Amino acid sequence: MIASVPYRQESLTAILKAGFPVLALAPHSLADIYQDIRLIASLVHASSGGEQVIAEMQSAIADVLARTAHLSSKPLVYCEEWGKPLIHSQFWIKELFEAAGGTFLGEPGTTTSVGAIAAADPDILIMAWCGAGNRVPLERVIEQREWQHLRAVRNGRVYCIADELLNTPAPTLIDGLSVLAHVLHPDIFDSAVKSVHFRCIDQRAEPSNEPTVKIAPKVAVAGNTTQNESGVEIKALRFVVAALILRADEILICQRRPDQPMALKWEFPGGKIEAGETPEQALHRELDEELGIHAAIGPRVAHTRHTYRNGGSIDLQFFVVNTFEGEVTNHIFNDVRWVPIRDLASFDFLAADRDLIRDLAAGKLL
């Protein structure tokens, strides 16, 4: 078995208990990755193949570097490996940025803060969260961190790059380099990279005093709204997932912040299903982002649709969670509580949750 850092202690323990030989690697730089490729190649008696892979990687990096070396303007880029806490990407990614004609913000692999990044005001923001693929919720991250005023956001230069292209110390880094080069200098590097590997924030967050009703000659879709032929915005159906996290006879509930819509209402943890996600994948991501836990998603026990007075509609699925790893930590809510299921009716829940609350109190679902 071959593993690369960082390790989760419980995962490493399970691997060692399995009794297999383990090769544990800990690369820091591109030079370290080349040495690891040599080591793996020697173990499988393919040393010449390993040297060929290394030569191809070095050649690709040199080609990109040759095209960016003359540039006088090299944008300042914040690249994030993890969002809670905020962690700068690894040193080898800094090396790729330098080859692609960019300036890497911060110390690779270290933690930082929302305020520190805001103070630096980078030209470009890139999220490449470990295990998230290309599904980092860019718009939500910007809103939660109140980064709408940053130069990168105003200019629409906020990206999610599939983490396997940057965080995996392997030949796939060359595909990551191609994406980085295009993102940093689209005038030099064409858009031949596959869009599945990266995506950009949906809209530029530019301040405006214009009214929200706009004139449009035909139907157009933008974000979570649809414009009809008169230009009036109609809120589209949002697909949402929520977790009923149980502990004995208690259930976990969360309270919205005072600055959020429907302020101080109670709800169950969860959120929007992003494009390409299953409900279970979305719930895994949301529970990690909101509460810092890795949950075992159980069966779906309820499915409902609700239309609010402002015209917004949601399609809401509820899943049971009986077990999870990690300690529940409040990342985004005003309050988080374990409460007896029988007491749920005494809390001021969102309207979309009220039928579920009644059924839970009646013992119909669990």
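It should be noted that the structure appears before, not after, this text.
Reading the values: the criteria
- Residues numbered from 1 in each chain as written.
- Predicted model: local features only at pLDDT ≥ 70, side-chain atom pairs only at ≥ 80, totals over all residues.
- Heavy atoms only, no water.
- Salt bridge = Lys/Arg side-chain N within 4 Å of Asp/Glu carboxyl O.
- Helix = DSSP H or I, 4+ residues; strand = E, 2+ residues; numbered from the N terminus.
- Buried < 20%, exposed > 50% of the residue type's maximum accessible area, 1.4 Å probe, protein only.
- Core = buried A, V, L, I, M, F, W, Y, C linked by side-chain atoms within 4.5 Å.
- Contact = heavy atoms within 4.5 Å.
- Phe/Tyr/Trp six-rings, centres within 6.5 Å; stacked < 30°, edge-to-face > 60°.
- Pairing = 2+ DSSP bridges.
- Lys, Arg positive; Asp, Glu negative; His and termini not counted.
- Polar contact = N/O pair within 3.5 Å; in protein donor to acceptor, adjacent residues only side chain to side chain.
- Arc of directions from axis to C-beta.

Visitor: So what exactly am I meant to see when it comes to the pattern of salt bridges here?
Guide: It is possible for side chains bearing opposite charge to pair when their charged atoms get close. Considering all chains together, one arrives at 19 salt bridges under this definition. A salt bridge links K94 to E98, with the shortest nitrogen-to-oxygen separation between them at 2.6 Å. Note that K94 and E98 are positioned in helix α4 (residues 91-99) at a spacing of four residues, about one turn of the helix. Look at E98 and you get partly exposed, because its relative accessible area is 37%. Between E286 and R140 there is a salt bridge, with the nearest N and O atoms lying 2.2 Å from each other. Placement of the pair is E286 in helix α9 (residues 279-291) and R140 in helix α6 (residues 138-145), with a sequence separation of 146 residues. Within the structure, one salt-bridge network assembled from shared partners comprises R135, R140, E277, R285, E286 and E289.

Visitor: Looking at this model, I keep getting lost on the nonpolar core. Mind explaining?
Guide: Soluble globular proteins tend to bury their nonpolar side chains together. If you look at the biggest cluster of nonpolar residues, it comprises 35 residues, and the most contacted ones within it are L30, I61, F97, I126, L180 and V183. Elements with a contribution of two residues or more to this core: α2 (30-43), α3 (47-68), β3 (76-83), α4, β6 (124-127), β7 (158-161) and α8 (173-184). In terms of residue count, the dominant contributor to this core is α8 (eight residues). Ignoring any residue separated from it by four or fewer positions in sequence, one finds I61 in contact with L30, Y34, L96, A99, I174 and L177.

Visitor: Help me understand the packing of aromatic side chains in this model?
Guide: The description of two aromatic rings rests on the distance between their centres and on the angle between their planes. All told, the structure shown has seven aromatic pairs when counted by the stated rule. Centroid distance Y159 to F198: 6.4 Å. Interplanar angle 45 degrees. Geometry classified as tilted. Of this pair, Y159 sits in strand β7 while F198 is found in strand β8 (residues 198-200), placing the two residues 39 residues apart along the sequence. Judged on exposure class, the residue Y159 and its partner F198 are both buried. Joined through ring pairs, the aromatic side chains of F268, F318 and F349 make up one cluster.

Visitor: Sorry if this is basic, but what is going on with the pairing of β6 here?
Guide: A regular strand places its side chains on the two faces of the sheet in alternate fashion. Residues I124 and I126 point to one face of β6 and L125 and M127 to the other, with burial holding for every one of them. Strand direction decides the pairing type here: β3 and β6, joined by four bridges, are parallel. If you follow C79 over to β6, its bridge partner there is I126. The pairing of β6 with β7 spans three bridges and is parallel. Of the residues in β7, the one forming a bridge with I126 is Y159.

Visitor: Before we go on, may I ask you to explain the side chain of E81 in this structure?
Guide: Among the secondary structure elements, E81 is positioned in strand β3. The side chain of E81 is buried and forms no salt bridge, while R145, the nearest opposite charge, is found at 13 Å. Within the local environment of E81, its side chain forms a polar contact with the side chain of Q90, the two groups lying 2.9 Å apart. Each residue touching E81, except ones within four places of it in the same chain, is listed here: I87, H88, S89, Q90, A128, W129, C130 and N167.

Visitor: Sorry, what's going on with helix α10 (residues 354-361) here?
Guide: Residues spaced three or four apart along an α-helix point in a common direction, a consequence of the helix completing one turn every 3.6 residues. For α10, the full list of buried residues reads L356, I357 and L360. The buried residues of α10 occupy one face: seen down the axis, they fall within an arc of 105 degrees. Looking one or two residues beyond α10, the residue adopting positive phi is G363, at roughly 70 degrees.

Everything listed here is a matter of coordinates, which is why it stays silent on function.
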